[in-house]
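# Results of the structural survey
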Amino acid sequence: MRFVFEKRNTVSKKAFVLVPLVAFLVSLFLTGILLVVFKANPFVTYGSMFVGAFGSWVNFTETLVKAIPLMLTGIGVGLAFRLKFWNIGAEGQLVFGGVTATWVALFWTPFLPVWMVLPIALLFGSIAGALWAAIPGVLKVSLKVDETLVSLMLNYVAILIAQGLYYGAWIDPKGMGFPGTMMFPKSAWLPRFSGRAHVGLFVAVLLGFIMWFVLNRTKWGFEVKMVGQNPKAAKVMGVKIGKTVLSAILISGAFSGLAGAFEVTAISHRLQQGLAMGYGYTAIIVAWMAQLNPIASIFVAVLMAGLLVGGDQVQMMMGLPSAMGIVLQGMILFPMLAGSLFTDYKLKIISKESPEASV
Amino acid sequence: MIALITSILAITLRAGTSLIYATIGEIYTERSGILNLGLEGMMLMGAVSAFATVYYTGSLGLALIVSMLTGIVLSSLHAFLSITMRANQVVSGLSITLFGTGLASFLGQRLGPASNGHYLIGLIGEKFTPFAIPGLSKIPVIGAVFSQDILTYIVYLIIPVAWFYMYKTKNGLNLRAVGESPQTADAMGINVYRTRYIYTIVGGTLVALGGAHLSLSYAPGWTDNITGGRGWIVIALVIFSMWNPSRAIWGALLFGGINAIQFRLQATGTTISAPFLNMLPYIVTIVVLVLMTWFETLNKKVGAPAALAVPYMRGEK
Amino acid sequence: MENVQKESVPILEMLGITIRFPGVLANDNVDLELFPGEVLALLGENGAGKSTLMNVLAGLYRADSGRILIKGKEVEINSPKDAMALGIGMVHQNFKLVETMTVAENVILGLDSEDFILDLKKVGNRIREISDHYNLKVDPGAMIWQMSVGEQQRVEILKLIYRGAEVLILDEPTAVLTPQEAKDLNRIVKQMTSEGKSAIFITHKMDEVMEFSDWVRVLQKGRLVSVVKTKDTSPKDLSRMMVGREVLFRIEKEPSVPGEVVLKVENVVAMNDKGLKALKGISFSIRKGEILGIAGVAGNGQRELTEVITGLHKVVSGKIIIENTDMTNKSPLEIIKSGVSHIPSDRVAMGIVGDMSVANNLAMKEYRKEPLTKYGILHPKRIFTMAKKMITAFMIATPSPLTNVKFLSGGNIQKTILAREIGACSSLLVAAYPARGLDVGATESVRNEMIAERDNGRAVLLVSEDLDELMSVSDRIAVMNGGHIMGIVDADKSDIAGLGMMMAGVPLEELK
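Residues numbered from 1 in each chain as written. Chains lettered and ligands numbered in written order. Predicted model: local features only at pLDDT ≥ 70, side-chain atom pairs only at ≥ 80, totals over all residues.

## Focus on the overall build of chain C
Of the regular secondary structure elements, chain C holds 18 helices and 22 strands. A compact globule built from 512 residues would reach a C-alpha radius of gyration of about 24 Å, and chain C, at 25 Å, matches this within 12%. Projected onto its principal axes, the C-alpha coordinates of chain C cover approximately 75 × 50 × 50 Å. For chain C, the residues scored as buried account for 48% of the 512 residues in total. At a minimum sequence separation of 6, the contacts of chain C that also span at least 24 residues come to 66%. (Helix = DSSP H or I, 4+ residues; strand = E, 2+ residues; numbered from the N terminus. Rg over C-alpha atoms; globule rule 2.2 N^0.38 Å. Buried ≥ 20, exposed ≤ 12 C-beta atoms within 10 Å, placed from the backbone. Contact = placed C-beta atoms within 7 Å.)

Structure representation (structure tokens):
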């Protein structure tokens, strides 16, 4: 008897939905084993994670707070991934967006009408994210430089720039040496609607739907699909590859930059340690689990945010490391990747017939 | 002055050692056609497992073995996903990094003694110490090469052996063929899947050793993100060495050198602020990458194995 | 027929081989027999199952049922290694050579019998011995990527001899050769069989069967339909057995009525991807209502020629003029807008996006324009309606317009490309190997579409390696060799011998 993978004649729609679901369950199971090894009851742990993330409105608003940047970065990263542009620099794009929004909030406020401060801060944050993403983008399109490494290296650079600023030039003179800038003027605060949950949520959700429409119903989206799935054919068909790729990367970076601008204007109200929380990396998991679908990314982002908030919760309640949530997230991609084979292939079991059986 | 150069060279080699282990490991993996972007996660896991072992047992040998086992487990996972399941290798590697980073940080907060709040951070354990080779270590400047710890001495051996094996032996020939043209290798009776499994795992073992060198020798102890992106820098170093193990030394020396200079500047007190100094390795990586790519396109010669990151299935083109 | 070679035991027997692929029976109970010193031709259309059957022998596929006997003993072949150990070696259509390695390294690749530490000097000497014996002219130190296709094929043969192959399988070996090189191959094979080795020849060309083989086995849709001695048959009989009906070798078409010049290529020079000159001053023109065929062995600049015309490749010097407008080095989009359509040589890699639907693939030229797009917004319903019309008109067999195009057969993929390109064509159609790898029915419809386009007043540039096709479809034939055009002749005044000489590098002037 032997097993062979046989190519399916059609893409399995069922597998498309089922694979992420099963992947999540498998991840829960595997992390459960880890928990047992460390003498924690997985059911109790997962229970308190769930309660911590979704158990009350207050907890849920905290989940939403983390879901917002995950939605934006997840949608952005997903767009770049569609073009096989492995942008793993969402973290740096987010940080650079946050830094630029801080710059606007701290230094431009005196010169701007009150109502313009926030829009300008958010706009410049997005542009900064786009520019940060443009570095690997231009290098890739013009010189074919590997974008994975460049975008990743720029994460470190952006984080160090931010550090250099809030430890150095921009440090709050009244902060008694505490690393961080001054508090932003109120005009640069993004309104919150409940707890720390802010209106950025509605923007992120709206952008998810817009992105879906753009990908599926516009000429540009059609070209993105062509270039992403077969750049050679797209070129034969007259699509300008470099232009398509670069425009998508700029948008991808702008999403992350906006996420960073939201973080500083809505959550911290200043630039300080903790802007680089790893959202840009979790975004990769969000995008992949949502199979690069922007609307699905919205929901996956809430789930992933739940794991982060739940992880913090079990640290407080049960003394388990908060990295627990990250382990759970990291674990999801493995069954997800293994499962993606089943959307294109099916497993066939062949028993070797004896020669006599066939005439 | 000579003393200064000698000390910079000594630190350079010490800092470069973990890079060389990982670079040679990844060269072997990529030569078989598998791209493993999980290095950062694997090095972190190698480092944390090595340090935890040495803290509890005091045995450096055992620590190396445990970290190698960690590398074997994680690279087998990558091998399974990318070879058997034909998953996207970029995403699989990223997953290993995300998972490895998370798990290493989890273990760093959990494996420690109760007295330290279960944290490994801040503990002190056994470490590899440099020992001088009598005679040779007395040579001016070059002496720095011969006053290292055992892991660095092993690296001196690994480089030529890795080069010889790849270019002068039957197995090396088969390995290169699998990465260049798996269809050909398959038709010639080479087991493509087995070859890829073997070298992905061999590579992963060396990468984990690179991580162990960090927590047992270069910066003894455990801190979150002890690697500081070295796993990613190594991926650039593989390109820099054009997939040739004998050239791995140059990239490692370059980046080891940057580390050493940072060390010196910070020790002497400088006006350049720390964050900007710390950016140096990352910016240099980007510059090196751009120059290498530019150089390769100019020469119309790409050193990358032709089938790198392309899954193989018999009967499919 | 069993008693012809009575004394000796067949070196190879295959009995009742059956192989199923998803949805098709690739081989249905096929038998095969081969004696030492014999050349067997395996004849059949594309998709008849010839290569599949041979891949079973070579250890790349496994039969679902059936037996294989070597020298009368039943064997199991589970891997290429097993096959090699039994003395079976195959020269695949796509050569199994590592381009970045030397001949010597390729020859010993995967051999267990070599020393752990390689002794390439010893290997080189042995290679030279074999090369001299068969007059193969192979240098053991040469890099594969620097060799011509013909040389690479000789390396493949040498590799099998080095490994002690007794049975040589050659899969469509002459497809990549000039007629002269094919003759040389025949000589090599004959010398080997005279020394007691045997060979199996996969082909669909009748004249080669007659020239090369002792026996012919004809496969049709996976089944063995006849076994004959070559000297007892004729090309006409063979082609009837192969297709199951009489084949038309000449396509019916009216004489062409050329109008004004559509494409003018003037002294074009271009580089290939390795930075070497691929086109060394090419000039020709095509008029409305005319098909210009481009003949030549693959790799003599045809690909670069189609790509400079369609804007995919840069011209170093010279001019490309389309309908009196200078289009040299214009973008593919600008050239598309001037009414040029392109059927690319590698249809799956360049002609379709596999993971998109048939409907979307059909729209890949028209999606930019109204009514499919307005203000940048697509209208999927209009794409769907248009696709349905095209699917009917071109008889594309697809479960639905929304099926991903990668699930269609090669012939239907080509029809999809054809439908799209012909729909968008208003001046020039550039077709590279449009019928390659298609079955007889699809080939016929592709060729008829070319002629229909011509009769619609388009200019057609047809690149092909099939001389029969060129002579029957095109009006004039230009022959390319080494980046030059050797000559341009009228199709109805051309003959295979003359074209063959030009393909081998003899200019037209020297022929007369």
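Read on, since the account is not over.
## Focus: the domain arrangement of chain C
Domain annotation for chain C reports domain 1 (12–243), domain 2 (251–339 + 425–512) and domain 3 (347–424). Taken together, the residues of the side of domain 2 of chain C that touches domain 3 of chain C sort by class into seven nonpolar, one polar and three charged. (Domains from an automatic or database assignment. Nonpolar A, V, L, I, M, F, W, Y, C, P; charged D, E, K, R; others polar.)

## Some words on the nonpolar core
With 374 residues, the main nonpolar core has Ile169 and Leu461 of chain C as its most contacted residues. Looking at which element gives the most residues to this core, the answer is helix H10 (residues 241–268) of chain A, with 14 residues. (Core = buried A, V, L, I, M, F, W, Y, C linked by C-beta atoms within 7 Å.)

## What to know about the interface of chain B and chain A
Taken together, the contact between chain B and chain A spans 37 residues of the former and 38 residues of the latter. Put simply, the parts of the chain that give the side of chain B that touches chain A at least two residues each are helix H3 (60–84), helix H4 (89–108), helix H9 (230–240) and helix H11 (274–298) of chain B. Classifying every residue of the side of chain B that touches chain A by side-chain character gives 24 nonpolar, eleven polar and two charged.

## A short note on the interface of chain A and chain C
In this complex, chain A contributes 26 residues to the contact, which on the side of chain C involves 31 residues. Looking at the side of chain A that touches chain C, the elements with two or more residues in it are strand E1 (2–7), helix H8 (219–229) and helix H9 (231–236) of chain A. In terms of residues, the side of chain A that touches chain C owes the most to one element, H8 of chain A, which gives six residues. Of the residues in the side of chain A that touches chain C, the class split is ten nonpolar, seven polar and nine charged.

## Topic: the confidence of the model for chain C
Residues and elements named next belong to chain C. Overall, the predicted model of chain C reaches an average pLDDT of 89, with 97% of residues at or above 70. Considering only residues more than four positions removed or in separate chains, one finds that residues 1–6, a stretch of pLDDT under 50, has two contacts. Among the scores for the predicted complex, ipTM is 0.88 and pTM is 0.89. (pLDDT = per-residue confidence, 0-100.)

## Here's the deal with the packing of helix H6 (residues 170–180) of chain B against helix H8 (residues 192–218) of chain B
Residues and elements named next belong to chain B. H8 packs onto H6 with a crossing angle of 105 degrees between their chain directions and a minimal axis gap of 10 Å. Put simply, H6 runs roughly perpendicular to H8. Only Val192, Thr195, Arg196 and Tyr199 of H8 make contact with H6, whose side of the interface consists of Asn174, Leu175 and Val178. Class assignment for the residues of the contact of H6 with H8 results in four nonpolar, two polar and one charged. (Axes fitted to C-alpha atoms, helices over the stretch in contact; angles between N-to-C directions. Parallel < 35°, antiparallel > 145°, perpendicular 65-115°, else oblique.)

## Topic: the sheet that holds strand E9 (residues 215–220) of chain C
All names here are of chain C. Sheet architecture is open: six strands sit in the order E6-E7-E8-E3-E9-E10, paired in mixed fashion. Each edge of the open sheet is held by one strand with a lone partner, namely strand E6 (88–91) and strand E10 (223–229). Neighbour to neighbour, the strand axes of the sheet diverge by 20 degrees on average, direction disregarded. Alignment of strand E7 (residues 167–171) against strand E8 (residues 198–203), held across five bridges, turns out to be parallel. The residue bridging isoleucine 169 from the neighbouring strand is isoleucine 200, located in E8. Here helix H6 (residues 179–194) sits on the sheet in contact with strand E3 (39–43), E7 and E8, set at roughly 145 degrees to E8. Most of the contacts of helix H8 (residues 235–243) go to E9, to which it runs at about 30 degrees, and overall it touches E3, E9 and E10. (Pairing = 2+ DSSP bridges.)

## What to know about the environment of tyrosine 153 of chain B
All names here are of chain B. Structurally, the position occupied by tyrosine 153 is in helix H5 (residues 150–168). Exposure remark for tyrosine 153: the 16 C-beta atoms within 10 Å place this residue in the partly exposed category. Tyrosine 153 sits 23 residues away from proline 130 along the chain, and the two C-alpha atoms are 9.8 Å apart.

## Overview of unusual backbone geometry
With omega at 5 degrees, the peptide bond leading from glutamate 370 of chain C into proline 371 of chain C counts as cis. Here proline 371 of chain C is to be found in the loop between helix H12 (358–362) and strand E17 (373–374). Positive phi, normally seen in glycine, also occurs at lysine 84 of chain A, with a value near 55 degrees. Within the secondary structure, lysine 84 of chain A sits in the loop between helix H3 (57–82) and helix H4 (90–107). Using a count of 14 C-beta atoms within 10 Å as the deciding quantity, one classes lysine 84 of chain A as partly exposed. Even without glycine at this site, tyrosine 433 of chain C takes up a positive phi of about 45 degrees. With respect to the element layout, tyrosine 433 of chain C can be found in the loop between strand E19 (428–432) and helix H15 (440–455).

## Notes on the sheet that holds strand E15 (residues 325–326) of chain C
Residue and element names in this part refer to chain C. In space, the four strands of this open sheet follow the order E12-E11-E14-E15, with antiparallel pairing throughout. At either end of the open sheet lies a strand with only one pairing partner, and these are strand E12 (277–287) and E15. Bridge analysis of strand E11 (residues 261–271) against E12 gives eight bridges, and the strand direction is antiparallel. Residue pairing in the sheet places valine 265 in a bridge with phenylalanine 284 of E12. Together, E11, E12 and strand E14 (317–322) form the strand contacts of helix H9 (residues 302–309), whose direction differs from that of E12 by roughly 60 degrees.

## Some words on the environment of tryptophan 57 of chain A
Residue and element names in this part refer to chain A. Examined against the element boundaries, tryptophan 57 turns out to sit in helix H3. Tryptophan 57 gets classed as exposed once you count the C-beta atoms within 10 Å, which come to 10. Note: C-alpha distance between tryptophan 57 and glycine 195 (138 residues apart in sequence) is 9.2 Å.

## Let's talk about the pairing of E6 of chain C
Sheet faces and side chains relate simply in a regular strand, where the side chains alternate between the two faces. Residue and element names in this part refer to chain C. With burial as the criterion, each face of E6 is covered, one bearing Ile88 and Met90 and the other bearing Gly89 and Val91. Taken together, the four bridges between E6 and E7 define a ladder with parallel strand orientation. Following the sheet pairing, glycine 89 is matched in E7 by leucine 168.

## Considering H11 of chain B
The end-to-end C-alpha distance of H11 of chain B is 37 Å, a good match for the 36 Å that 25 residues give at a rise of 1.5 Å each. Most pronounced at leucine 280 of chain B, the bend in H11 of chain B amounts to some 35 degrees, and the proline proline 281 of chain B follows within four residues. Those residues of H11 of chain B that fall on the buried side of the exposure criterion are Tyr282, Thr285, Ile286 and Leu289 of chain B. Buried residues along H11 of chain B sit in contact with helix H6 (147–169) of chain A together with H9 of chain B. (Expected span 1.5 Å × (residues − 1). Bend = angle between axes of the 7 residues up to and from the residue.)

## Section: the packing of helix H1 (residues 2–31) of chain B against H9 of chain B
All names here are of chain B. Across the interface, H1 lies against H9 with an axial gap of 9 Å and an inter-helix angle of 55 degrees. As judged from the angle between their axes, H1 and H9 are oblique. H1 and H9 meet at a crossing whose hand is right-handed. Residues Ser18, Leu19, Ala22, Thr23, Glu26, Ile27 and Glu30 of H1 form the contact with H9, whose participating residues are Arg230, Gly231, Ile233, Val234, Ile235, Leu237 and Val238. Partitioned by chemical class, the residues of the contact of H1 with H9 number eight nonpolar, three polar and three charged. (Left-handed = near helix turned anticlockwise from the far one by under 90°.)

## Regarding the environment of glutamine 93 of chain C
All names here are of chain C. Inspection of the secondary structure assignment puts glutamine 93 in the loop between E6 and helix H3 (103–108). We classify glutamine 93 as partly exposed; it has 13 C-beta atoms within 10 Å. For glutamine 93 and leucine 42, which are 51 residues apart along the polypeptide, the C-alpha to C-alpha distance reads 14 Å. Filtering out sequence-adjacent residues up to four positions away, glutamine 93 remains in contact with Asp171 and Glu172.

## Notes on the confidence of the model for chain A
Predicted confidence across chain A gives a mean pLDDT of 89, with 92% of residues reaching 70 or more. With pLDDT under 50 throughout, residues 352–359 of chain A is counted as low confidence; its partners more than four residues away or in other chains account for eleven contacts.

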